[in-house]
Amino acid sequence: MRRHWTGVIVLVAVVALVSTLPAGAVGSRCEECHARITPLLVRDFNRGKMAETMTCADCHGEEHTGVDDADRATLPTIATCRQCHEDRAEQYLKGKHARGFLAIEALPFTHGQPDPYVAGQKGCGGCHTLGLVDQKARESESRKYYRYGMDCQNCHTRHAFSMREAREPEACQTCHMGFDHPQWEMWSSSKHGVAYLMDRKAHRGPRCQDCHMPAGDHRVRTAVGFLGLDLTTQDPEMQKYQASILKGLGVLDEKGEFTPLLDVVKAGDMVRLDRADFDAERRRITDRCKECHGASFVEANIKNADLMLKEINKLFAEAIEIVAGLRRDGIIEVKEGEGVYPQLLQFYEVDTHIEQILYEMFMDHRMKAFQATYHMNPDYATWYGYAKMKKDLAEIKELDREMRAAHAAAAK
Ligand code: HEC
Ligand code: HEC
Ligand code: HEC
Ligand code: HEC
Ligand code: HEC
Ligand code: HEC
Ligand code: HEC
Ligand code: HEC
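Owing to the predicted nature of the structure, the values given are computational and were not obtained by experimental measurement.

A. Here's a closer look at the coordination of the iron atom of ligand 3. On the protein, His128 (NE2) is the one donor atom to the iron atom of ligand 3, at 2.1 Å. Mapped onto the secondary structure, His128 falls in helix α10 (residues 125-128).

Right, dumping it as structure tokens:
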């Protein structure tokens, strides 16, 4: 009997709650039709806070009203969300994510790739269609390519747009994983990741967001960045190694003068150009470390990572100079418009075996080696990183000898 009454009370309470929901939550024209054609999408939307006061039309406009005119629905951009979330959108736009499309659009490499691979999101574009602020920027290219690349849904996925979801490190996993940036794998198997994942509630180990989005700041940006460079260093050896790398990247010419590519690097915010900026980004993270660790422990750790970065760049610079030598001596063909330095930003679009090894050294082994030192993962730093770089360099030296011998024999 008691149970029966409890049931009725719960039912009454639910009915009362539903009837007090704001008008927008249910029953808009859009939702009625979409509840039939895309029911689970509508359910997702209603999981989120925004369903309490908003309808589909707040983000997609009113132009599309029936089954035949779906192409008139507006696809939201950062500007759409900025209307109501100005602070988060502005922070986001100051960070590296908002440069994601610029980085690949400016590369000569990408122009030779299939459209679905870049614009159609099946390759590079799947993670890099970022930073397109207004509708025009997206509509200017064929719409069928630019769909489903909207930035803000990358961490709080549509249509639930949940803050809780975005706070979990898995929100970063889909992009920050794999070949050239396995931050997920490195973090999740480090002491930090393990401590966090074993007991999320206790939150002892730091998540990605704790170090990279302190206090929810949507501006993500680091000191050494993807390229693993410190152009503000005063260490002459480090400067020398980096000069070789910058030549390989095409930012310096053979004489060591800046090329027009510097503007792309600046626009993409790919390296820190002044010391104060570098130090401020560093401090932003190390201040987090010091909430859990002693200052000298933290400083020693980061210093060791910087020292490893120097060793890593030393190996890479040596390999670059060997391949440059082969190109300089005409043993590897230098194509029109290219300098003698290997074209690192052509990635895997290179013709010779030795340049393929150099590419793997750059994108696979060097990336893992230095990224792991900053993410407290000695296994990645060693066996997937530094040790593999030694192997690459040995192979490059051997191929250099063989290619020179074959070239000399052919010349006879
Ligand atoms: C009579 C049914 C109906 C109504 C009413 C309706 N839609 Fe749709 N909508 C559809 C159908 C069907 C599609 C899928 C078309 C396709 O993919 O070929 C669609 C697609 C969409 C898309 C995806 C567009 C794209 O390019 O992928 C959005 C966004 C959308 N609707 C939003 C809305 C909004 C907002 C409203 C209200 C203003 C609305 N819909 C009203 C039937 C409807
Ligand atoms: C018309 C104003 C408006 C627009 C446009 C808008 N939002 Fe919201 N958003 C809100 C309101 C209101 C809330 C609820 C605020 C609260 O409860 O604190 C909210 C909450 C959120 C939350 C927090 C949800 C949670 O779990 O606490 C996220 C994330 C969010 N919006 C993302 C977005 C994104 C992404 C876009 C663009 C695609 C967007 N919003 C567009 C008004 C808007
Ligand atoms: C799985 C998602 C994903 C794919 C696919 C992907 N990238 Fe990236 N890319 C990233 C992430 C994440 C970063 C930042 C990583 C870091 O800083 O360690 C990045 C960084 C870069 C950068 C450096 C940008 C900078 O400002 O420092 C370039 C250039 C780049 N990617 C080009 C490409 C190209 C070209 C392709 C296709 C061949 C590609 N990416 C495919 C996720 C991806
Ligand atoms: C807070 C803003 C917001 C609201 C409100 C919203 N959407 Fe969306 N919707 C988005 C975003 C962001 C995308 C992805 C656009 C992109 O990546 O280009 C999207 C994409 C879509 C798509 C195409 C992608 C897919 O998964 O099929 C459909 C269909 C769609 N929305 C329908 C709806 C319907 C129906 C509603 C109401 C129940 C709704 N949307 C409410 C932001 C919103
Ligand atoms: C890189 C992941 C990521 C991206 C991309 C992202 N967010 Fe967030 N968002 C978060 C995290 C993490 C939180 C939780 C912050 C906290 O702990 O307070 C959050 C929280 C929010 C909230 C909840 C209220 C608040 O202010 O904390 C809103 C609103 C929001 N984001 C809007 C946006 C908008 C708009 C965009 C696109 C310009 C966006 N987010 C892109 C990770 C992201
Ligand atoms: C949609 C894929 C995607 C998701 C999801 C994503 N990122 Fe990124 N992230 C990228 C790309 C692409 C870049 C490089 C952008 C560029 O080219 O400038 C990047 C760059 C960064 C950088 C800057 C590195 C530098 O060069 O200084 C940090 C830090 C970062 N992401 C952290 C995060 C965190 C933390 C999360 C989760 C809360 C996250 N990202 C989620 C794709 C993503
Ligand atoms: C304990 C703090 C901490 C955590 C947790 C953390 N990072 Fe980092 N991350 C760093 C430090 C330190 C650097 C190097 C920053 C510098 O140059 O000063 C870095 C650098 C990066 C970079 C730039 C390239 C690189 O790897 O050096 C990206 C991208 C990045 N982190 C993403 C992530 C993602 C995604 C996660 C979660 C899977 C994560 N980080 C977890 C501290 C952290
Ligand atoms: C939210 C707290 C928290 C933050 C922030 C944090 N750590 Fe940790 N860290 C831990 C915990 C918990 C462990 C596991 C302790 C153990 O191994 O016994 C750990 C382990 C480590 C370890 C490996 C194990 C050891 O104790 O020797 C290193 C190295 C480390 N942290 C360095 C850092 C650095 C550098 C930063 C900033 C970039 C940082 N941590 C940020 C909590 C944190």
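B. Just the site of ligand 2, in detail. What surrounds ligand 2 is the set Lys49, Met50, Met54, Thr80, Cys81, Cys84, His85, Cys152, His156, Phe161, Ser162 and Met163. A distance of 2.8 Å separates a nitrogen atom of ligand 2 from a polar side-chain atom of His85. Measuring from an oxygen atom of ligand 2, one finds a backbone N or O atom of Met163 at 2.9 Å. Within the shell around ligand 2, the residues separate by chemical class into seven nonpolar, four polar and one charged.

C. Representation of the site of ligand 6 within the structure. Every one of the 22 residues lining ligand 6 counts as a neighbour, but His97, Cys172, Cys175, His176 and Thr222 are closest to it. In this structure, His176 approaches ligand 6 through a side-chain N or O atom, which is 2.7 Å from a nitrogen atom. Secondary structure elements with two or more residues in the shell around ligand 6: α7 (100-105), α10, α14 (170-173) and α17 (208-212). When residues in the shell around ligand 6 are grouped by element, the largest group, three residues, is from α17. Of the residues belonging to the shell around ligand 6, the class tally is 10 nonpolar, nine polar and three charged.

D. Representation of the side chain of Thr129 within the structure. In this structure, Thr129 sits in the loop between α10 and α11 (135-139). Take Thr129: its relative accessible area is 4%, and that puts it in the buried class. A distance of 2.7 Å separates polar atoms of two side chains, one belonging to Thr129 and the other to Gln121.

The rules behind the values
- Numbers given to residues run from 1 along each chain, matching the order in which its sequence is written.
- Going through the entries in the order they are written, you letter the chains from A and number the ligands from 1.
- Two thresholds apply to this predicted model, a pLDDT of at least 70 for residue-level local features and 80 or more for giving and counting side-chain atom pairs, whereas whole-chain, interface and lining totals are computed over all residues.
- Side-chain numbers come from the whole structure's heavy atoms, not from hydrogens or water.
- Counted as donors are N, O and S atoms no farther than 2.8 Å from the metal, or 3.2 Å for Na, K and Ca; water is not among the atoms, and sites may therefore look incomplete.
- By definition, any uninterrupted DSSP run of H or I lasting at least four residues is a helix, any uninterrupted run of E lasting at least two residues is a strand, and each is numbered from the N terminus.
- Neighbouring residues are identified by heavy atoms, a residue being near a molecule or strand if any of them is within 4 Å of it.
- A 3.5 Å cut-off defines polar contacts: any pair of N or O atoms within that distance qualifies, except that in protein one atom must be a possible hydrogen donor and the other a possible acceptor, and neighbouring residues in sequence count only when both atoms are side-chain atoms.
- Residues are sorted three ways: Asp, Glu, Lys and Arg are charged, Ala, Val, Leu, Ile, Met, Phe, Trp, Tyr, Cys and Pro are nonpolar, and all the rest, Gly among them, are polar.
- Burial classes: relative accessible area under 20% of the type maximum marks a residue as buried, over 50% as exposed, and values in between as partly exposed (1.4 Å probe, protein chains only).

Honestly, that's just the spatial picture; any functional story needs more than this.
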